[in-house]
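Observations on chain architecture
Residues per chain are reported as follows:
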Amino acid sequence: MSEAYPASASGSEEEKQSQTHAASLMQSKTSQVENQSGASSLPLSPDPIVARQPMPVAGSSSSRSYRVPGRARNPTLGISELPTRSTPVPRPAVASLIAQTTPPPVPEPPTLGISELPTRSTPVPNPAPASGSSSSPRHVLTQVQKAPRDISENTTRILAVPFAQKASQETQTTASTQTPGAYTPPLRRPRDLSRTLMLSGLAIVLLLAIFLSRTYLLGHPQQAGVQATPGICGAACTPAMQANASPITSKTSTTGSVPPADAPPPRSATVPASWKLALDDEFNGTGVNWKTWRDGGKNWGSGGNGEEQAYVPGECSVANGLLTIKGDQIPANGKQYSSCMLNTKGAFQQTYGYFEVRAKVPKGQGLWPAFWLYGSDPSTSAEIDVMETLGNDTRSYYMTYHYRGLDPQYQLYHGVDLAEDFHTYGVKWTPNLITFYFDGVAQYSATDDIYSGPMFLLLDLAIGGDWPHAPDASTPFPGYFTVDFIRVYAMA
């Protein structure tokens, strides 16, 4: 280097001045940048154009030109072109320096559309927030799979969906003491618990009241207004006695369907089409129709044959389409038992025709239910017993025709237990023949000395007497003779 560029006294002096000027220029430039950018600690490297020691160019004149080694691509600058202290640094240079040291701004996340919201099938674990964060832990984190247009396809964003807009004061207090990121359901309020206990207590009281009222009505059927369970005999009941305790509250039966109350009664197949309906009681009212029926206790008395009951009208009741005749162990009118009889004496009577009843008989020693006809002229002793059975053998019943004190013509039916269900008992009375029917099937016919006078109807439940004998400890009281309907057709 010293061989290619020999030094001179004048040259040394000029080089010192040039170095002094370059140092001053560097200090001025640094001060201006600090004042404009506000960063006094901004690191600036010395400009290589002015800090590097200039070298004389070979073959130059006394007004020497300088260039910086290693910058062959830059134009050669003369001493007169170098900036001075009074020459301000251009603002674009300062702005570029500030731009180099300022971090780029973070773009705001774009607003997501409805179609870009996460689905149920892409759950994202809920990371715990950084320590010291004041954000509420009550949120749900969901990963967005479809990125906006200005974000890369691999970009994943976290969408925070508020869990609740307003939390109770108790929940806020609890959340402040819990570990961030853990969700705890709100505590049940004490008043909610007390309300639940109160409602449970009311439900128990209501169920108890229903149970007690039902028990009371079963034991007091007259208070209920409907027929209660028959044959309630308490702890002394035997299996045979309990069989008589099946409740009957409607016309429903296993032996056939029953028509609605407003429909005309179906005609039995045994009744000729030309015969007309003369009497029909379906017992669809709320009491006994006293225009059709009479109290047998008044116009018939207590009966004969050594019977032990007194007939009182209060033991007959109508409810739910059924007539119930109750026989009970309650003394009445000097008798040990009470029961009921209905008849049509003085209200309805007929000669010839078809007479039928649908009924369910009681079971028990000493009970004697019957449906029968009796002649209007007592001197003839004409009697047709359509059905009469003894409570100690309800698998049998008697069909009997009495006239003028002669030997009765009768037939004994033996088959199903008549106390188990309703059955239809009928008789077709013509001038030459009396035929008895059970559930529409002919059972027996009487042909001798057929009575030709008018007869009225009787329906009763006798207790005791010469034939059935007295009740005993096995007899379930009360006993119920339940009737569905009575129909009478007149012969054309």
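Criteria and cut-off values
- Residues numbered from 1 in each chain as written.
- Predicted model: local features only at pLDDT ≥ 70, side-chain atom pairs only at ≥ 80, totals over all residues.
- Heavy atoms only, no water.
- Pairing = 2+ DSSP bridges.
- Helix = DSSP H or I, 4+ residues; strand = E, 2+ residues; numbered from the N terminus.
- Patch = residues over 30% accessible without salt bridge, like charges linked within 9 Å, V, L, I, M, F, W, Y side chains within 5 Å.
- Areas by Shrake-Rupley, 256 points an atom, 1.4 Å probe, with all protein chains shown as cover.
- Salt bridge = Lys/Arg side-chain N within 4 Å of Asp/Glu carboxyl O.
- Disulfide = S-S within 2.5 Å.
- Buried < 20%, exposed > 50% of the residue type's maximum accessible area, 1.4 Å probe, protein only.
- 1 Å grid on protein atoms, 1.4 Å probe; cavity = no way out; pocket = protein on both sides within 12 Å on 5 of 7 lines; lining within 4 Å.
- Points joined across faces, edges and corners; volume = space filled by probe spheres on them.
- Nonpolar A, V, L, I, M, F, W, Y, C, P; charged D, E, K, R; others polar.
- Phe/Tyr/Trp six-rings, centres within 6.5 Å; stacked < 30°, edge-to-face > 60°.
- Lys NZ or Arg CZ within 6 Å of the ring centre and 35° of its normal.

1. As for the sheet that holds strand β17 (residues 409–414)
Strands pair in a sheet through their backbones, by hydrogen bonds, and they do so in one of two ways: parallel or antiparallel. Strand order across the open sheet formed by 7 strands is β7-β12-β21-β14-β15-β16-β17, with antiparallel pairing between neighbours. Where the open sheet ends on each side, the last strands, each with one partner, are β7 (294–295) and β17.

2. Structural notes on a nonpolar patch on the surface
A contiguous nonpolar surface patch, about 320 Å² in accessible area, is contributed by Met198, Leu199 and Leu202. Locating Leu199 in the fold gives a position in helix α5 (residues 190–219).

3. Some remarks on the pairing of strand β16 (residues 393–402)
Relative to β16, strand β15 (residues 383–390) runs antiparallel, the two sharing 5 bridges. Residue pairing across strands places Glu383 opposite His402, the latter belonging to β16. Of the pairings in the sheet, the one linking β16 to β17 comprises 6 bridges and is antiparallel in character. Note that in β17 the partner of Ser396 across the bridge is His414. Count of turn residues in the β16/β17 antiparallel hairpin: 6 residues, of which Arg404 carries a positive phi of about 55°.

4. Comments concerning the state of the cysteines
Cysteine pairs can be covalently joined through their sulfur atoms, and such a bond is termed a disulfide. A full pass over the atoms with the stated rule returns 1 disulfide. In this model, Cys316 is linked to Cys340 through a disulfide, with the two sulfur atoms separated by 1.8 Å. One quick way to see it: the torsion about the S-S bond of Cys316 and Cys340 is about -110°, and its sign makes the bridge left-handed. You can see Cys316 sitting in strand β9 (residues 316–319) and its partner Cys340 sitting in the loop between β11 (337–339) and β12 (341–343), a full 24 residues away along the chain. In terms of burial, Cys316 and Cys340 fall into one category: buried.

5. Remarks on the layout of surface pockets
Put simply, the second largest pocket is a space of about 450 Å³. Lining the second largest pocket are 23 residues, and of these Asn305, Trp368, Glu383, Asp385 and Glu388 lie nearest its centre. Within the residue set of the lining of the second largest pocket, elements represented by two or more residues are β14 (367–375), β15, β16 and β21 (455–463). Considering each element in turn, the lining of the second largest pocket owes the most residues, 4 residues, to β14. By residue class, the composition of the lining of the second largest pocket is 12 nonpolar, 5 polar and 6 charged.

6. Overview of the packing of aromatic side chains
In this description, a pair of aromatic rings is defined by centroid distance and the angle of the planes. Here the structure, examined in full by the defined rule, presents 19 aromatic pairs. Geometrically, the ring pair formed by Tyr403 and Tyr451 is tilted, given 5.6 Å between the ring centres and 55° between the ring planes. Residue Tyr403 is located in the loop between β16 and β17, and its partner Tyr451 is located in the loop between β20 (441–446) and β21; the two are separated by 48 residues in the primary sequence. The class of Tyr403 is buried, set by a relative accessible area of 12%. Residue Tyr451 is classed as buried on the basis of its relative accessible area, which comes to 6%. A network of ring pairs unites the aromatic residues Tyr352, Phe355, Tyr401, Tyr403, Trp429 and Tyr451 as a single cluster. Over the aromatic face of Phe485 sits the side chain of Arg487, whose NZ or CZ is 3.6 Å from the ring centroid.

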